[in-house]
Amino acid sequence: MSRLIEHHSHKAARILDSARELVADHGVRKVTVSEIAAAAGVGKGTVYLYWPTKEDLILGLFARELLAFLEAVIARITADPAAVLPRHLAPLLIRTGLSSPLARRLATKDADLVRLLTEQTGDRDLFDRTRPSAMCQAVMPVLRRHGLLRQDRPLADQSYAMHALLTGFGTAMSVPDSAPPSAGDPADVLADAVALLLEPAIVPAGQAVTAAADDTAAAFRETRNAVLDIIDRTQTADDAPGRR
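Heads up: these notes are all about the structure in this document. (Residues numbered from 1 in each chain as written. Predicted model: local features only at pLDDT ≥ 70, side-chain atom pairs only at ≥ 80, totals over all residues. Heavy atoms only, no water.)

Tallied over the full model, the rule gives 3 cavities of 30 Å³ or more. What lines the largest cavity is Leu89, Ala90, Leu93, Met135, Cys136, Val139, Met140, Leu143, Met162, Leu166 and Phe220. By residue number, the principal contributor to the lining of the largest cavity is helix H9 (residues 132-145), which donates 5 residues. Its residues assigned to classes, the lining of the largest cavity comprises 11 nonpolar, no polar and no charged. (1 Å grid on protein atoms, 1.4 Å probe; cavity = no way out; pocket = protein on both sides within 12 Å on 5 of 7 lines; lining within 4 Å. Points joined across faces, edges and corners; volume = space filled by probe spheres on them. Helix = DSSP H or I, 4+ residues; strand = E, 2+ residues; numbered from the N terminus. Nonpolar A, V, L, I, M, F, W, Y, C, P; charged D, E, K, R; others polar.)

Among the nonpolar cores identified, the biggest contains 45 residues, and Ile77, Val84, Leu93, Leu143, Met162 and Phe220 are the most heavily contacted of them. If you list the elements that add at least two residues to this core, you get helix H4 (54-79), helix H5 (86-98), H9, helix H10 (155-174), helix H11 (186-198) and helix H12 (206-234). Among the elements that take part in this core, H4 stands out by supplying 10 residues, more than any other. Once residues within four sequence positions are removed from consideration, methionine 162 is found in contact with Pro86, Ala90, Cys136, Met140, Val194 and Leu198. Counting residues in hydrophobic clusters, the runner-up holds 20 residues, among them Ile5, Leu16, Ala19 and Tyr50. (Core = buried A, V, L, I, M, F, W, Y, C linked by side-chain atoms within 4.5 Å. Buried < 20%, exposed > 50% of the residue type's maximum accessible area, 1.4 Å probe, protein only. Contact = heavy atoms within 4.5 Å.)

Below, the discussion takes up the packing of helix H1 (residues 10-26) against helix H2 (residues 33-40). It is the contact of H1 with H2, at a shortest axis distance of 8 Å, that shows an interaxial angle of 120°. Compared by their axis directions, H1 and H2 come out oblique. With respect to the hand of their crossing, H1 and H2 are arranged in right-handed fashion. Residues Arg14, Ile15, Ser18, Ala19 and Leu22 of H1 form the contact with H2, whose participating residues are Glu35, Ile36, Ala39 and Ala40. Of the residues that constitute the contact of H1 with H2, the class distribution is 6 nonpolar, 1 polar and 2 charged. (Axes fitted to C-alpha atoms, helices over the stretch in contact; angles between N-to-C directions. Parallel < 35°, antiparallel > 145°, perpendicular 65-115°, else oblique. Left-handed = near helix turned anticlockwise from the far one by under 90°.)

Below, the discussion takes up the pattern of salt bridges. Applying the stated rule across the entire model yields 12 salt bridges. Note that aspartate 17 and arginine 20 form a salt bridge whose closest N and O atoms lie 3.1 Å from each other. Separated by 3 residues within a single helix, aspartate 17 and arginine 20 lie in helix H1, roughly one turn from each other. Accessibility expressed as a relative area gives 47% for aspartate 17, which makes it partly exposed. (Salt bridge = Lys/Arg side-chain N within 4 Å of Asp/Glu carboxyl O.)

When you line up the elements, phenylalanine 220 lands in helix H12. Classification of phenylalanine 220 as buried rests on a relative accessible area of 4%. C-alpha of phenylalanine 220 to C-alpha of valine 73: the two residues are 147 residues apart in sequence and 8.2 Å apart in space. For phenylalanine 220, the residues in contact, after removing those within four places along its chain, are Leu70, Val73, Ile74, Ile77, Leu93, Met135 and Val139.

In structure tokens form, the structure reads like this:
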């Protein structure tokens, strides 16, 4: 059975949809539970049936955004192991992340949202694990071990470079006015930069790529499980009658 309460309650699903839209448009501080309830067509008390506090709702909402991001990346790598090649993986991470309205909020440095996500140690650890630097630390050794990275530079330097590229392109692509115009698709520019800087001259055989994809997906699944634990903690148990 799904651990997501919205899969068992239409009301909870509407509340989450409304909260996502309002937070994306106005930020965390300005949105109230009353506004979320009104937008979802439910009473304010109904919101508290599913989430004990506004903070739980917003944290649970962001965790769901992370969950969708991780599942999309895992699904892509699983379906097409070549997606794990650095030139493909970097644009995949950026494009998938920026498809989330709340990810765009984070990219614009919403201080209230960042503060909420890092208030408790466990939440801060989760947030830290989804930063580009943490993903590089988790994934780059896997790519190096399977021969998908050049061997003539230290792994630490390669991880630093990938982090800088993800951070810089993520900002530029989320706030286009902050960067000079590109002659082509910025994701293609990112792919070229990663390939030139990090990939070996000869692409490894398919077996190595598949093995790297399997190990990379496993690393993302570990983070996915941590995200599910956050979701469980923020929502109330879905065992009360009449809550659909």
